[in-house]
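If you want the building blocks of each chain, they are given just below.
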Protein chains: 2
Amino acid sequence: MSEAPHLTFDSDMPGVSRGHLVVPGGADRGELSLPVFSLNRGEGPRLLVTGGNHGNELEGPLVARRLIEWLPEAQTCGRVIVLPMLNPLAVQAWSRNTPLDGLNLNRVFPGRAGGSVTERIADAVSRILLPMADTVFDLHSFGPTWDFPPAATTHPIADLDLMARTVRMAEAFKLPLTLVWEYNDTVGMFDIVAQNQGKVFVCAEFGGGTVGADNLAIYEAGVRNALIALGLVEGKAEYPTFRQQKSGQTLETHPSDELKSPAPGIFEPRASVLDEVKQGDLIGILHPMDSLSVESIDIRAPGTAIVFAIRSGGHVGVNEWVAAVARPLRLECH
Amino acid sequence: MSEAPHLTFDSDMPGVSRGHLVVPGGADRGELSLPVFSLNRGEGPRLLVTGGNHGNELEGPLVARRLIEWLPEAQTCGRVIVLPMLNPLAVQAWSRNTPLDGLNLNRVFPGRAGGSVTERIADAVSRILLPMADTVFDLHSFGPTWDFPPAATTHPIADLDLMARTVRMAEAFKLPLTLVWEYNDTVGMFDIVAQNQGKVFVCAEFGGGTVGADNLAIYEAGVRNALIALGLVEGKAEYPTFRQQKSGQTLETHPSDELKSPAPGIFEPRASVLDEVKQGDLIGILHPMDSLSVESIDIRAPGTAIVFAIRSGGHVGVNEWVAAVARPLRLECH
């Protein structure tokens, strides 16, 4: 009954194609059609741009839509495939995970053909779209309860040559932050699957909270800069202006750089992203809310570092992340 | 088995008291204890400050906590009661409504003693705390999928004298926006119940999206300004700086000022809050996401007005709000 995942158009056709990636139905729901844009200008880089991996991160789908508007005028060579909304079920629910099966799409790659709908989406993307690209940009945001600067990120990669090429690609976005993020919970992530196939994969982490006109312009500029660096479009790459500055820095962060909540309560940020802090500087305050007789607890910087992520007022449990810091990247010689 | 709602301390005692408002248990769960702070300096205004009416609006609880810190040094007369978290069940879930019964606390006032937990909270607040106050500040935010300027708001009030006093109290916050909001869905709101008892009730709508250190400072300054105007604390009220400006304006808005989505899709904001727009100016773009062949739809200003609320990148259904505008308030003579 369920056919194999497929595109509704021939991506080898020259020029613009618009259609869908068809994700077959399964036990939990029927077939799903994900809108896809493709522009084939022959020889050159092969790029896949995806958004909406998590449903409450909407900058990516919006930047992907803008890209589709100007790419037909701008692209001079190569192939670009754009899938603005990897997980429409989660986007429509403004939910990180898919409501139907509760799964986080970015933890089930490469997916499973006979699995639940989230696993079938990952399977269709892994089998149909991923082989068509050498480079992947997955456009995320940091989610609504965090403040986060416009950033291009990667996890550390064992293949040091691929690592160096990935960091250079991330830096080509010319965003305020390029981040190499050592993170323990990476099983099933889209980037790991792509990197294992030797592809350059950059995860853009775009802000958090309010999706505003100014921020979208920065995100769009970052993606345009990366397309210029790839040679897909012409133009001059420039740092966008973020908080009165036009600059970028490349940092690394490790699990030990996460600041955790010492108790349940509401976290109040007292620092902003990209602030430089020294040991003992106040980053935020944890307010236990069960009793007004209990003292609030200061969260202070463990050492000299740069704040790159800060919780923006969520209620947190004990030992949950409230902030994270980073330091300048030192790439190992090889 | 279930006792009546009560305070765990005697609010007539002079000076600082800390304790709880006890909400009796019911069929759905046991007793709930809401932390309460009270400061009695004798004769003078009687103020109730509440936060956390909606669980994903966390500026209010944070500003309430700050207030509790400096009030013992600052308050010179009168009585102030602070309840930072009206609905801890919703705050802990970062949810607008109470997860247990699905109810919106701000639509069930004055509550019901034998009802579900949300109704019991409203009942306890209405019966125990509301009679202790002549003035109420309920500290809201506009929620995580909207951009909204720091504002003090009220709905129109039939009693024109109370209306004038309420608008003056709202303006005393000296926030960028004072708003008289004609709104159809007001049954069961906290302010309606308080106003029906002749009390001055101001609903502070504080931002939306990321709860940052800068915004919290503005919100705190607004509440301090209002306390100065009431004569509860000494000091000079000043407009806080918001987007490089120190000023405020008083506007009114009607149901016809709501801009609705013409189709399902993702709304992209192209204007910012407090922007002045003329008829035909672009406010945002609605992107249908089911197909990339369908044109995006421009949302334009219906006339000369000021944008005061703009959706920040949510997926919306047809006919859902995406923005709202307002015009300078004209108070009717009486």
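Everything quoted here is computed from the prediction, not taken from an experiment.

Visitor: Sorry, what's going on with the interface of chain B and chain A here?
Guide: Frequently, the measure chosen for interface size is the accessible area that the parts lose on association. Taken together, the contact between chain B and chain A spans 47 residues of the former and 47 residues of the latter. In this assembly, chain B packs against chain A so that about 3800 Å² is buried in total across both faces, 62% of it on carbon and sulfur atoms. Here chain B and chain A share 2 salt bridges between them. Of all the secondary-structure elements, those providing two or more residues to the side of chain B that touches chain A are strand 2 (15–23), strand 3 (32–41), helix 1 (59–74), helix 2 (88–92), strand 7 (146–147), helix 6 (213–230) and strand 13 (265–269) of chain B. Broken down by element, the side of chain B that touches chain A gets its largest block of residues, 6 residues, from helix 1 of chain B.

Visitor: When you look at the domain arrangement of chain A in this model, what are you seeing that I'm missing?
Guide: Residues and elements named next belong to chain A. When its domains are assigned, chain A resolves into domain 1 (6–252) and domain 2 (257–328). Look at where the C-alpha atoms of domain 1 and domain 2 centre, and you get two points 30 Å apart. For the pair domain 1 and domain 2, the summed buried area comes to about 1400 Å², and 67% of that belongs to carbon and sulfur atoms. The three residues of domain 1 that bury the most area against domain 2 are Trp 146, Leu 251 and Glu 252, which together make up 38% of that side's buried surface. At the junction of domain 1 and domain 2, the tally comes to 0 salt bridges. At the surface where domain 1 touches domain 2, the tally comes to 4 residue pairs in polar contact (both at pLDDT 80 or more). Broken down by secondary-structure element, the contributors of at least two residues to the side of domain 1 that touches domain 2 are strand 7 (146–147), strand 9 (177–181) and strand 11 (249–253). It is strand 11 that contributes the most residues to the side of domain 1 that touches domain 2, 4 residues altogether. Within the side of domain 1 that touches domain 2, the residues separate by chemical class into 12 nonpolar, 3 polar and 3 charged.

Visitor: Got a minute to help me understand the pairing of strand 17 (residues 305–311) of chain B in this structure?
Guide: When a strand is regular, its side chains alternate between the sheet's two faces. Residue and element names in this part refer to chain B. The element strand 17 is largely enclosed, with a buried count of 7 among its 7 residues. Of the pairings in the sheet, the one linking strand 14 (residues 276–277) to strand 17 comprises 2 bridges and is antiparallel in character. Counted as the bridge partner of Val 277 is Ala 305 from strand 17. Where strand 17 and strand 19 (residues 321–328) come together, 4 bridges link them in antiparallel fashion. Its bridge partner being in strand 19, Ala 309 is matched across the sheet by Ala 324.

Conventions used here
Residues numbered from 1 in each chain as written. Chains lettered and ligands numbered in written order. Predicted model: local features only at pLDDT ≥ 70, side-chain atom pairs only at ≥ 80, totals over all residues. Heavy atoms only, no water. Contact = heavy atoms within 4.5 Å. Buried area = accessible area lost by both parts, 1.4 Å probe. Salt bridge = Lys/Arg side-chain N within 4 Å of Asp/Glu carboxyl O. Helix = DSSP H or I, 4+ residues; strand = E, 2+ residues; numbered from the N terminus. Domains from an automatic or database assignment. Polar contact = N/O pair within 3.5 Å; in protein donor to acceptor, adjacent residues only side chain to side chain. Nonpolar A, V, L, I, M, F, W, Y, C, P; charged D, E, K, R; others polar. Buried < 20%, exposed > 50% of the residue type's maximum accessible area, 1.4 Å probe, protein only. Pairing = 2+ DSSP bridges.

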